[in-house]
Amino acid sequence: MNAIQVLDKFAASGVETCFHDRHINPQIYAGINGSNWSIKDYEARGGYAALRQILGQDGGAGLTQDQVIATVKESGLRGRGGAGFPTGLKWSFMPRQFPGVKHLVCNSDEGEPGTCKDREILMHNPHIVIEGMIIAAYAMGIPLGYNYIHGEIFQVYERFEAALEEARAAGYLGNNIMGSSFSFQLHAAHGFGAYICGEETALLESLEGKKGQPRFKPPFPASYGLYGKPTTINNTQSYASVPTILRKGSEWFAGLGVPNSGGTVVFSVSGHVNKPGNFELPMGIPFAELLELAGGVRGGRKLKAVIPGGSSTPVVPAAVMLATNMDYDSVRAAGSAVGSAAVIVMDETTCMVKVLERLSRFYMSESCGQCTPCREGTGWLNRMLKRILAGEGRREDIGMLVEVANKIEGHTICALGDAAAWPVQSFIKHFRHEFEYMIDHGGRSIVDGELAAA
C-alpha cells in the first residue's frame, strides 16, 4: 500500500463535514454540493460579479481602491485565521506609492488541531477565494499573489491549480483583466506539513525557499514581507468572504453577525458530538444552539468542557460555555478566544490530563526550535505530563507545569509558545482536581474512578 492509499483511508468525503442543511445564512457554502466547483458553476451562483462591478464591467462606474477598502472596513470582517484582526484595516496598511512589486498572500496552511474549514473551501468553492484575492489585490494595487496551501492536502492544491487555470482562461487573472488597466498574477504554492508555517512570517520564509521559522517583528510584512517587499497576508476564509460583501453591501454583511463580529464564520465542530462537521453560521450564535446543530453530545452524556477556537485556545468548562455566544467579545469574556473557530467538544468521560498530554505532545513536536523557551519548555511540559500519567507524578509538578507555561508565554518570537502555554494554564485552572487525583492515585484517572464508583 502506497502513501496516497494510506492517507485516503483517513480522508473525509465531505458528506460528514459541510454538505448538510444545518448552515444558517451561508455565503461560502451556499449552493455547493461537492461537484459544482468549476468556474461555470461559480458564475451561475453570481461569482465574479463583484469583480465586474469594481472594474466597471457591469455598466457602472466601478469602484476606487479607497471605496473597496472602506466597504470591507464597514462590513466588520475580521481575520478568520485566528487573530481576528480587522481585514479592511490591515489592507489600509499597504503603502500605496511603493515603487516596486508588492505581494498578496493567502494563508491556507491549515494545521491547527480541530480545524478543517479552509481545505473544504478550496476544494469545493475555490473560485470564491480567487475572486476575493483579486479584489484585495485591486484594492491595494498589488500585481502578484500566492496561495500557500498546507502540504498534507495535496488534492486540494491540485484542485486550486485547476481553478486558477480556469480563471486565467476566462480573463479574470493576468494582464489587463477584463480589458481594464489592472493586472494581477496569482500562483499556488504548497508547504510540507509544518504547523509553524501557519505563522505568517514563517510562511513567508518557506515561500522564499528557506526553513520555515518566524521572523522578528518589526518590521511587519506590510513594510517588509515576501522577498523584502510590502506584503499583505490573510486567511482563506477571509478572502472568501470578500466577494459577497462587495455584492450585497457592508451593512448587510455586518448585520448577519453582532457588533464587532460581523458576518458568518465556519465553525469546525469535532469531538463528542453526534454530527461533527463544518457549520457556516452567523457570528454571535449561542454555543448551545451550535451544539444542537451538531447533534448534541454523543450518547446523551453530559458536556464537560469545550475548546472553542482550536487547540491553542484556553479550555472552557461546560457551564460557562453553555451560557456563551460565539463571537469575539463573548468568548473572550468566557476566558478563551474564537481563534480559528475549531470547536472541540468533550463529554464527561474525558480525562483532562490525557487530553492535555496529547496537546502538549503536539506543540513539542511542532516547535521550530528557534526560541529557547518554546524549544525547551514544550519538552518540559510534555515530560512532566507523561510522568503524571505514568503514576510517578508529585503534587509540586502541578505548580511547576504552570510555572513553565508562564515562562514560555510572551517570551517567544511567535505565538506558538503562547499556544503551548494556554492549554496548560487553562486545564489546570479549571480541572486541577483531576491532576491532583491522578497524582494521588498512582496514575489512575478520576474518570475511571467515577465509572468504577457508578
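Residues numbered from 1 in each chain as written. Predicted model: local features only at pLDDT ≥ 70, side-chain atom pairs only at ≥ 80, totals over all residues. Heavy atoms only, no water.

Caption draft 1: Seen up close, the pattern of salt bridges. Applying the stated criterion across every chain yields a total of 21 salt bridges. As a salt-bridge pair, Lys117 and Asp118 come within 2.8 Å of each other at their nearest N and O atoms. With its nearest N and O atoms 3.4 Å apart, the salt bridge here joins Arg432 to Glu436. Here Arg432 and its partner Glu436 are both found in helix H18 (residues 416-440), 4 residues apart, which amounts to about one turn of the helix. In this structure Glu436 comes out as partly exposed when scored by relative accessible area, which is 22%. Counted as one network, the salt bridges with shared partners bring together Glu205, Glu208, Lys210 and Arg215. (Salt bridge = Lys/Arg side-chain N within 4 Å of Asp/Glu carboxyl O. Helix = DSSP H or I, 4+ residues; strand = E, 2+ residues; numbered from the N terminus. Buried < 20%, exposed > 50% of the residue type's maximum accessible area, 1.4 Å probe, protein only.)

Caption draft 2: Region of interest: a nonpolar patch on the surface. On the surface, Phe85, Leu89 and Phe93 cluster together to form a nonpolar patch covering roughly 260 Å² of accessible area. The topology assignment puts Leu89 in helix H5 (residues 87-92). Overall, Leu89 belongs to the partly exposed group, its relative accessible area being 33%. (Patch = residues over 30% accessible without salt bridge, like charges linked within 9 Å, V, L, I, M, F, W, Y side chains within 5 Å. Areas by Shrake-Rupley, 256 points an atom, 1.4 Å probe, with all protein chains shown as cover.)

Caption draft 3: Spatial organisation of the sheet that holds strand E8 (residues 316-317). The 5 strands lie next to each other as E6-E5-E9-E7-E8, forming an open sheet whose pairing is mixed. The open sheet is flanked by strand E6 (277-282) and E8, the only strands paired with a single partner. Sheet topology note: the strand E5 (residues 264-271)/strand E9 (residues 342-347) ladder contains 4 bridges and is parallel. The residue bridging Ser268 from the neighbouring strand is Ala342, located in E9. Its contacts with the sheet put H18 on strand E7 (303-307) and E8, and the angle it makes with E7 is roughly 150°. (Pairing = 2+ DSSP bridges. Contact = heavy atoms within 4.5 Å. Axes fitted to C-alpha atoms, helices over the stretch in contact; angles between N-to-C directions.)

Caption draft 4: Focus on the sheet that holds strand E2 (residues 144-149). Reading across from one edge, E3-E2-E1-E4 is the order of the 4 strands in this open sheet, with parallel pairing throughout. Each edge of the open sheet carries a strand with a single partner, namely strand E3 (185-190) and strand E4 (231-235). Going across the sheet, the axis of each strand differs from the next one's by a mean of 20°, ignoring polarity. As paired elements, strand E1 (residues 103-108) and E4 share 5 bridges and run parallel to each other. Residue Leu104 lies in a different strand from E4, and its bridge partner there is Thr232. Those strands touched by helix H7 (residues 126-140) are E1, E2, E3 and E4, and its axis lies near 150° from that of E1. Across the sheet, helix H8 (residues 154-169) touches E2 and E3, and the angle it forms with E3 is around 170°.

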